[in-house]
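# Observations on the model geometry
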Amino acid sequence: AWGRLFVARPLLAMLKKFLGRAEAPLGEPLPRGPKPLPLVGNLSALKAGLHASLPGLVAKHGGIFTLEVPAGLAAVPLVYFGGPTVVLADPALLEELFRRPDDFSKRLFKHSALRWGAQGKGIFTTDDDEDIHGSAFRVLAPSFSLKSLQSYFGAIQSGIATLMGILSQAAESREAVDVHPLMSQYMFDTFGLIGFGKDFQSLTQKCPLLDSFEGMMKNLGRLSKRNTNVGKVGKGLFSGDLHAFRRKHHKAWVGIEQLLEWKRTSIKMGEAPACPVTGSATSQSSSCPVMKDMCARLVSEPDPLTGQLLPEELMHANATTLLIAGHDTTSTAMTMLLYHIATNPDVEEKLHREVRDVVGERELTWDLVSKLPYTSQVIKESLRLFSPVPEIYKTSPPDRATRLGPYHIPPGTTFCVSQWGIHYNPQVYDDPEKFDPDRWAEDKAGGRSSYAWLPFSSGERACIGLNLSLLEQRVMLAEVVRKFYLRLDPQTNLRVRQPLFLNPQGIHVRLTPRRSSPAPPPDLRDPQLVSMACLDPALAESRSSLDSTPSDTSGLRGKRVVVLYGSNMGTCEDFAEQVLENDKRMGFEGVKAPLDALASSAPPALPRGDEGVVVIVTSTYNGRPPDNAKAFDAWLSCPSAESVLQGVRFAVFGCGNSQWSATYLGFAKRIQDALEHAGGEALTVMGEGDMDCGKVEHAFARWNLTRRIAILHSYDIPVPPTLAETLYPRLPAVNAMVWHGHVSKDMSDGYRRSVMQGTSTVSKMLQDSDAWFGALRQNTELLKGDASRSTRHIEFALPAGRAYIAGDHLG
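Cut-offs and rules
Residues numbered from 1 in each chain as written. Predicted model: local features only at pLDDT ≥ 70, side-chain atom pairs only at ≥ 80, totals over all residues. Heavy atoms only, no water. Pairing = 2+ DSSP bridges. Helix = DSSP H or I, 4+ residues; strand = E, 2+ residues; numbered from the N terminus. Axes fitted to C-alpha atoms, helices over the stretch in contact; angles between N-to-C directions. Patch = residues over 30% accessible without salt bridge, like charges linked within 9 Å, V, L, I, M, F, W, Y side chains within 5 Å. Areas by Shrake-Rupley, 256 points an atom, 1.4 Å probe, with all protein chains shown as cover. Salt bridge = Lys/Arg side-chain N within 4 Å of Asp/Glu carboxyl O. Expected span 1.5 Å × (residues − 1). Buried < 20%, exposed > 50% of the residue type's maximum accessible area, 1.4 Å probe, protein only. Arc of directions from axis to C-beta. Contact = heavy atoms within 4.5 Å. Phe/Tyr/Trp six-rings, centres within 6.5 Å; stacked < 30°, edge-to-face > 60°. Lys NZ or Arg CZ within 6 Å of the ring centre and 35° of its normal. Polar contact = N/O pair within 3.5 Å; in protein donor to acceptor, adjacent residues only side chain to side chain. Parallel < 35°, antiparallel > 145°, perpendicular 65-115°, else oblique. Left-handed = near helix turned anticlockwise from the far one by under 90°. Nonpolar A, V, L, I, M, F, W, Y, C, P; charged D, E, K, R; others polar. pLDDT = per-residue confidence, 0-100.

What follows is about the sheet that holds strand E1 (residues 64–66). Spatially, the four strands line up as an open sheet ordered E1-E2-E7-E4, and their pairing is mixed. The open sheet has two edge strands with one neighbour each: E1 and strand E4 (391–395). Taken pair by pair, the neighbouring strands of this sheet meet at an average axis angle of 25°, ignoring direction. When E4 meets strand E7 (residues 414–418), the two strands line up antiparallel, connected through five bridges. Across the sheet, Lys394 pairs through a bridge with Phe415, a residue of E7.

Below, the structure written as C-alpha cells:
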C-alpha cells in the first residue's frame, strides 16, 4: 500500500500531465517557489519540517508559490490528483478559497496513511465528499453548543482543582514542572469527563489508555524525524517503532471499545452512575456537567438527517478522534501558553492585574470568564505563534481547471494552507516573531483580515471544538496566573515533533506563589461586566418588571407568535424556546419550528400585521445557513417567498463568530433584508450574538427585552413604570452655586476646600473613580490672538501620597 500510494500515484500523475492536452490558461501562472532538485524536490528547503520551514519561505517568496514536497513529509499524498502543490499564506486569497468550498475542499485524507492509523474514519480524517463526515458532525454538533459548554464548566473546574493542587506542591517544594506531560494529563482527565462521563484520574495515577496514546505519539514522533516514507519505514523497522506502534495501537483500540461498551450498557440498563463531578446520581442532579456526554450521543443518537445510528466503525473512529484531538491539541496550546507567560513577565503582570480586578479571590465562574478580554488576547497571540495544527490541505477540482484570485489553478492542485506561514507573514503582522497580545486589542485587530489568524482553520471544516478549547484555556490561564508567578527553568530545552499534531517537549517552569488579594467589589454600573445569573442590575430589573407584567396585556390575547430557528448545535433553538416562553407569558399563542418548515409542504401560517409577530433566531456558518435552514435559504429566493413574508411584523437575531468577519452573520442578514424587501415591519434592529467575545447570552437577553418592549409599543400597551425607569434612567442630581460677578479665586481657600470636599462626598461618580483634588498653581493661555483655539500651561500641587500619570483625567 505504501508503494502504491507514494510511488505509483506520482508516476501516474506525471504521465497524465505529460500526455494531457494543454488548455488555455484561466489567469496568470502560479508564482514559483524555491527551485526543486530532481527526485527530492524541495527537500533541502524543508529539512526542519513544514511548520518550521514554511514561514521563512513565505517571507522570501510571498503568500502564494509552488513547492515540490517529498512524499512522506506531509500528512497526505499531495500529488494524488496530479496537480502541483501550492503554499498559501495570503489572507485575501485564503478568504476566497474558504468561501468557495465547492471548488476548494478537503479531498486527500481518504488516501492518506492517517486513515490506516489510530483515528480511522473520524470527523477529522474524513473528506468533504464523504457522507460519513456529515453524519458524524450532525450527531456531535449539539455537544459543542453554548448550553453544552455551560454544562461542561463544572467538569473543567474539577480538573483545575486537581491541577492547582499539583502546582502548589511543586511550588512549595521548589521543583520545576515538566509542562507538556502535566497539561496532557490534565486535558485527558478533563475531556474524559466532558466527552465520556468518565474520570480517568491520569493526574494522580497511571492511565493505561493515555499511556497507549502517548506511546503511539512517541513512536510516530521518532519516525517523523525522517522526511521520506522510505526513511520512515526503514527507521521504524530497524528501531522497532513500527512494531511498538502496532502493539500500542491495539491496546488503545481495545480501550476505546471497552469505553463504548460501558456506555452502551449504562444506557441500555437505564443506569444512573454517580456524576464524577458532583458525586450525585445523574438522574437526580440536573447540575451534573456530564449528563449528556459526547460518547452517549455517538452510541445512542441517530443522524437527524437519515434517522440511522452511526455504524460501529464510525462510533469507534470518532470516539478515538475526540480523545486524541480533544486533549492533544489543547494541551499543546496550554503548554505554549505557559511558556510565553513564563518568558514575558510584563504580559504576566498585566494579565494578573486583569484577573485580580475581575475575579480576585472569588471562585472563577462561567460569567466571569467572559469578562477577561486581555486573557483572550494573550491566548490568541500564543496560538498565533504556535498553532498546534500547523497546516491544512485543500484540493481544487481534479477534473477541471479553475482560478484563485488572478491565478490559473490546474486540475487537482493541492493547497498547503500554512497557519505558521500566515501567522509569521511579515506582510500581515509587524514584527511577527514578537509575543505581543496588544496586537489583538480591538483598535488594532479591527483592520486585520479575519483570515490572518487560522489556528482552528475556517469555513465549514473549522474545528468543531474551537469554543470549548478557548474556554478551557481561559480557565486554566486565569487560575494559574492569579495564584503563581511563572519563570522558565534553566533546564528547558524546547523540542518540537509532529507525530500528528505539534508536540512541544522539554519545557520546564518554576512557580512562586502570589500573595492573596481581596476580592474586588462587584461593578454594578457596567452592563458588560455582569453575571449572567442576574445579567446586570438594570437589565435584571427590566426583565423582572416585564415578566411580572403589571400592564394590561389583554390586547395580546389571541395574537399569534411564530418562532423559527436555524441551529446545528442547539444554541439558537434554546434561544427560540426562550422567546416562545416569554411571549406566551405575555398572552400570545405560539408555535416553534425550524426555518425549513416554511419551505415544506405544510408550512406554519405566518401572522400579518396586528395578527401577531414572527421571530427568527438563527446561526450562520461561513455565511451559510445551518442544516435545518438550507431548504428555507433556497426558498427565500423564490417569487412565492415574498408573498408569504409580505406584511409580517418580525424580529431577527443572528449568532455567528466575528473571527470570520467577511461572512459574519451573513445568513441572518439575508433574512433581515428579505423580510424588509417583502414589506415586513421590523420590530427592532437585528440582534447580533458574537461567539468570539463570549457574551452571546447577554446580547440575546438585551435584544429579547428590546423586542418585547417593541411589541408593547406596537399594540399601544403602556410599558410598566418600573421598567421605564430602568430603560430611561434619571439624570444625576447636580449641585450648582452661582456667584454673579465673581470667579473661583475670589473664594477663600478654606471655603473652596469645603465646597470641593462636599462635592466629593455627594458625587458617586467621583467616589467610584477614586478622584482627588489638587491645588491649582498656574493656568496660562499659550496661544495669543486666536480665539478659536486654546492651548494652556497648567500646574497644580499634588496632595501627599498622590501622583499624576499620563492618562489621568483633569476636571
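A word on a nonpolar patch on the surface. A surface patch of nonpolar side chains, amounting to about 340 Å² of accessible area, comprises Leu37, Leu39 and Val40. Tracing the backbone through its elements, the reader meets Leu39 in the loop between helix H1 (2–19) and helix H2 (50–61).

Between its first and last C-alpha, helix H12 (residues 345–358) extends 20 Å over 14 residues, near the 20 Å set by a 1.5 Å rise per residue. All of the buried residues along H12 are Val347, Glu348, Leu351, His352, Glu354, Val355 and Val358. Taken end-on, H12 shows its buried residues confined to a sector of 160°, consistent with a single buried face. The inward-facing, buried residues of H12 contact helix H11 (312–342), helix H13 (366–369), helix H14 (373–385), helix H17 (466–483) and strand E8 (484–488). Downstream of H12 by one or two residues, Gly360 has phi in the positive range, about 65°.

So, on to the pairing of E7. With five of its five residues buried, E7 lies for the most part within the structure. Here E7 shows a buried face lined by Thr414, Cys416 and Ser418 and a second buried face lined by Phe415 and Val417. Examined bridge by bridge, strand E2 (residues 85–88) and E7 share four bridges and lie parallel to one another. Its bridge partner lying in E7, Val87 is registered against Cys416.

A few words on the packing of aromatic side chains. Tallying each qualifying case throughout the model produces 20 aromatic pairs. Ring geometry for Phe632 and Phe667: centres 6.3 Å apart, planes at 85°, overall edge-to-face. Placement of Phe632 in helix H20 (residues 630–636) and of Phe667 in helix H22 (residues 666–677) is noted, with a sequence separation of 35 residues between them. Both residues of the pair, Phe632 and Phe667, belong to the buried class. For Lys106, the ring lying beneath its charged end belongs to Phe124, and the centroid distance is 4.8 Å. The ring of Tyr485 has Arg514 lying over it, and the distance from NZ or CZ to the ring centre is 3.9 Å.

As a further point, take the pattern of salt bridges. Pairing between side chains becomes possible if they bear opposite charge and their charged atoms approach one another. Per the stated rule, a full pass over the model turns up 33 salt bridges. Between Asp438 and Lys350 there is a salt bridge, with the nearest N and O atoms lying 3.0 Å from each other. Here Asp438 is found in the loop between helix H15 (419–423) and helix H16 (442–445), whereas its partner Lys350 is found in helix H12, with 88 residues between them in sequence. For Asp438, a relative accessible area of 27% translates into the label partly exposed. With a closest N to O distance of 3.3 Å, Lys483 and Glu361 form a salt bridge. With Lys483 in helix H17 and Glu361 in the loop between H12 and H13, this residue pair connects regions lying 122 residues apart in the sequence. Connected via shared salt-bridge partners are Glu96, Arg100, Asp103 and Arg400.

Our next topic: the side chain of Ser469. Among the structural elements, Ser469 can be located in helix H17. Only 3.1 Å separates the side chain of Ser469 from the side chain of Thr330, close enough to count as a polar contact. Setting aside its immediate chain neighbours within four residues, Ser469 contacts Thr330 and Phe456.

Turning next to the sheet that holds strand E11 (residues 508–513). Pairing in this open sheet of three strands is antiparallel, and the strands run E3-E11-E8 from one edge to the other. Each having just a single partner strand, strand E3 (177–178) and E8 make up the two edges of the open sheet. Sheet strands touched by helix H5 (residues 146–173): E3, E8 and E11. Its angle to E8, the strand with the most contacts, is close to 65°.

Now for unusual backbone geometry. If you check the backbone angles, Leu39 has positive phi at about 70° while not being a glycine. Given a relative accessible area of 90%, Leu39 falls into the exposed group. Positive phi values are uncommon outside glycine, yet Gln201 reaches one of about 55°.

Time to look at the environment of Thr663. Among the secondary structure elements, Thr663 is positioned in the loop between strand E15 (649–656) and H22. Distance in space between the C-alpha atoms of Thr663 and Arg624 is 8.2 Å, their sequence separation being 39 residues. Beyond its immediate sequence surroundings of up to four residues, Thr663 is in contact with Arg99, Tyr451, Thr620, Asn622 and Gly623.

This part is about helix H23 (residues 696–714). Over its 19 residues, H23 extends 27 Å from the first C-alpha to the last, a length consistent with the 27 Å expected when each residue adds 1.5 Å. The positive-phi residue at the C-terminal boundary of H23 is Asp716, with phi of around 55°.

Take the environment of Leu260 next. Tracing the backbone through its elements, the reader meets Leu260 in helix H9 (residues 241–268). In this structure the C-alpha to C-alpha distance between Leu260 and Leu298, which are 38 residues apart in sequence, comes to 8.8 Å. When sequence neighbours within four positions are dropped, the list of residues in contact with Leu260 reads Cys295, Val299, Glu312, Met315, His316 and Ala319.

H23 packs onto helix H19 (residues 571–585) with a crossing angle of 30° between their chain directions and a minimal axis gap of 11 Å. When the interaxial angle is binned, H19 and H23 end up roughly parallel. As H19 runs across H23, the sense of the crossing is right-handed. Along its contact with H19, which presents Phe575, Gln578, Val579, Asn582 and Asp583, the element H23 presents Val696, Glu697, Phe700, Trp703, Asn704, Arg707, Arg708 and Ile711. The residue inventory of the contact of H19 with H23, partitioned by class, reads six nonpolar, three polar and four charged.

Averaged over the chain, the pLDDT score is 83; the fraction of residues at 70 or greater is 80%. Note on residues 1–8: pLDDT is under 50 here. Beyond four places in sequence and across chains, it has 17 contacts. Overall, residues 276–290 carries pLDDT values under 50, and its contacts beyond four positions in sequence, including any with other chains, amount to 40 contacts.

Mapped onto the secondary structure, Gly192 falls in helix H6 (residues 179–196). You can call Gly192 buried: its relative accessible area is 0%. A sequence separation of 134 residues divides Gly192 from Gly326, and the C-alpha atoms of the two residues are 9.4 Å apart. Among residues more than four places away in sequence, those in contact with Gly192 are Gly197, Lys198 and Phe200.

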